[in-house]
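Letter by letter, the chains look like this.
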Amino acid sequence: MSTKIAPSILAANFSILKEEIEDVLKGGADYIHIDVMDGHFVPNITIGPVVLSSIRPITDKTLDVHLMIENPDQYIQDFVDAGADILTVHAEACTHLHRTIHLIKEAGIKPGVVINPATPVEMIKPILKDVDLVLFMTVNPGFGGQSFIPEVLDKVKQAAKWREELGLSFEIEADGGVNEETAKQCIAAGVDVLVAGSAIFNEIDRENAIKKIRQSN
Ligand code: DX5
Ligand code: ZN
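The structure displayed is predicted, hence computed values, not measured ones. (Residues numbered from 1 in each chain as written. Chains lettered and ligands numbered in written order. Predicted model: local features only at pLDDT ≥ 70, side-chain atom pairs only at ≥ 80, totals over all residues.)

(A) Inspection of the UniProt feature "binding site: substrate" (unreviewed entry) in the protein chain at higher detail. According to UniProt, the "binding site: substrate" (unreviewed entry) feature falls on Ser8, His66, Gly142, Phe143, Gly144, Gly145, Asp175, Gly176, Gly177, Gly197 and Ser198. The contact partners of Gly144, leaving out residues within four places of it in the chain, are Ser8, Leu10, Ala11, Gly197 and Ser198. Here Ser198 is in contact with Ala11, Gly144 and Gly145, once residues within four sequence places are set aside. (UniProt positions renumbered as here; feature names shortened; annotations may be inferred. Contact = placed C-beta atoms within 7 Å.)

(B) Local environment of the sheet that holds strand β8 (residues 193-196). Spatially, β1-β8-β7-β6-β5-β4-β3-β2 is the arrangement adopted by the eight strands of the open sheet, whose pairing is parallel. The outermost strands of the open sheet, each flanked by one partner alone, are β1 (4-7) and β2 (31-37). The sheet shows a mean angle of 25° between the axes of neighbouring strands, direction not considered. Across four bridges, strand β5 (residues 110-115) lies against strand β6 (residues 133-137) in parallel orientation. Pairing of Val114 across the sheet is with Leu135, part of β6. (Pairing = 2+ DSSP bridges. Helix = DSSP H or I, 4+ residues; strand = E, 2+ residues; numbered from the N terminus. Axes fitted to C-alpha atoms, helices over the stretch in contact; angles between N-to-C directions.)

(C) Seen up close, helix α1 (residues 17-26). Every buried residue of α1 is listed here: Glu20, Ile21 and Val24. Looking straight down α1, one finds its buried side chains confined to an arc of 95°; they lie on one side. What points out from α1, more than 90 degrees from its buried face, is the exposed set Lys18, Glu19 and Lys26. Buried-residue contacts for α1 involve β1, β2, α2 (49-55), α7 (198-201) and α8 (206-214). Just past α1, the residue Gly28 takes up positive phi, approximately 110°. (Buried ≥ 20, exposed ≤ 12 C-beta atoms within 10 Å, placed from the backbone. Arc of directions from axis to C-beta.)

(D) Inspection of the UniProt feature "binding site: a divalent metal cation" (unreviewed entry) in the protein chain at higher detail. Residues annotated by UniProt as "binding site: a divalent metal cation" (unreviewed entry) correspond here to His33, Asp35, His66 and Asp175. With the annotated positions falling across 143 residues, the maximum pairwise C-alpha distance of 10.5 Å places them together in a single cluster. The residue His66 is located in strand β3 (residues 62-68) in this model. Overall, His66 belongs to the buried group, with 29 C-beta atoms counted inside 10 Å. With respect to the element layout, Asp175 can be found in strand β7 (residues 171-175).

(E) Examining the site of ligand 1 more closely. Residues in contact with ligand 1 amount to 21 residues; listed here are only the nearest, Ser8, Pro141, Gly144, Gly197 and Ser198. Elements supplying a minimum of two residues to the shell around ligand 1: β2, β8 and α7. Grouping the constituent residues of the shell around ligand 1 by class yields eight nonpolar, 11 polar and two charged. (Near = placed C-beta within 6 Å. Nonpolar A, V, L, I, M, F, W, Y, C, P; charged D, E, K, R; others polar.)

(F) The arrangement of α8 in detail. Inspection of α8 places Arg206, Ala209, Ile210 and Ile213 among the buried residues, and these make up the whole buried set. Looking straight down α8, one finds its buried side chains confined to an arc of 95°; they lie on one side. In the core, the buried residues of α8 are packed alongside β1, α1, α6 (180-189), β8 and α7. Directly after α8, the chain includes Gln215, whose backbone phi takes a positive value near 65°.

(G) Seen up close, the nonpolar core. Val65, Leu87, Val134, Val156, Val178, Leu194 and Ile213 are the most contacted members of the largest nonpolar core, which totals 64 residues. For Leu194, the contacting residues outside a window of four places in its chain are Thr3, Ile5, Ala6, Ala174, Val178, Ala183, Cys186 and Ile213. (Core = buried A, V, L, I, M, F, W, Y, C linked by C-beta atoms within 7 Å.)

(H) Spatial organisation of unusual backbone geometry. Phi angles above zero are rare outside glycine, and Asn71 is one such case at about 50°. The exposure class assigned to Asn71 is partly exposed, which follows from the 13 C-beta atoms found within 10 Å. Non-glycine residue Gln215 carries a positive phi angle of around 65°. Note that Gln215 resides in the segment after α8. In this structure Gln215 comes out as partly exposed when scored by C-beta crowding, with 15 C-beta atoms within 10 Å.

Have a look at this one:
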């Protein structure tokens, strides 16, 4: 199966967000990646459930919501009600990760777990059987347009190995600094879903940008 592409709207023009989303959908996007930042867990502030609920009617495609916030438990229901399909929480932000993942499951949507570049992959091994998505940050979260950290790929390979050994089926996603070159390395390491912000939205021809990242040119 070909690699999925999840354009991150962080790099879109928010004054014409609907057109921007429709453009990447027309260009072949599989998921729409939505970055939620609270100014505490990461040093930036973006959008919340109100904007998500305006995006929901635009498409039936998967809305992949990446929470970079403290106290995620407090906001799970709001994001579910606003229309998230996947809700991904940072292991570093969850005091009781198992509880948080199960709260998302019980709310009826898919849970994902994400770790920062400096966090050991062993930290999420016990939760792998409970998640639908494992997201590896390939930059320090907070901003678009940063450089890819290649050392993260060793963690991707380890997670892919565990998935096989344990007979699990979660998707592996990479986020940050993904472009045509780094996408190639991600795919070789076992990534199934590539998040890309600037490498898609900074291009005029989004369809071609998506094709290049998918390595299908
Ligand atoms: C960073 C966000 C990413 C970001 C990626 O904290 O989680 O999703 O938008 O942007 P690029 O692809 O420009 O690195
Ligand atoms: Zn993200």
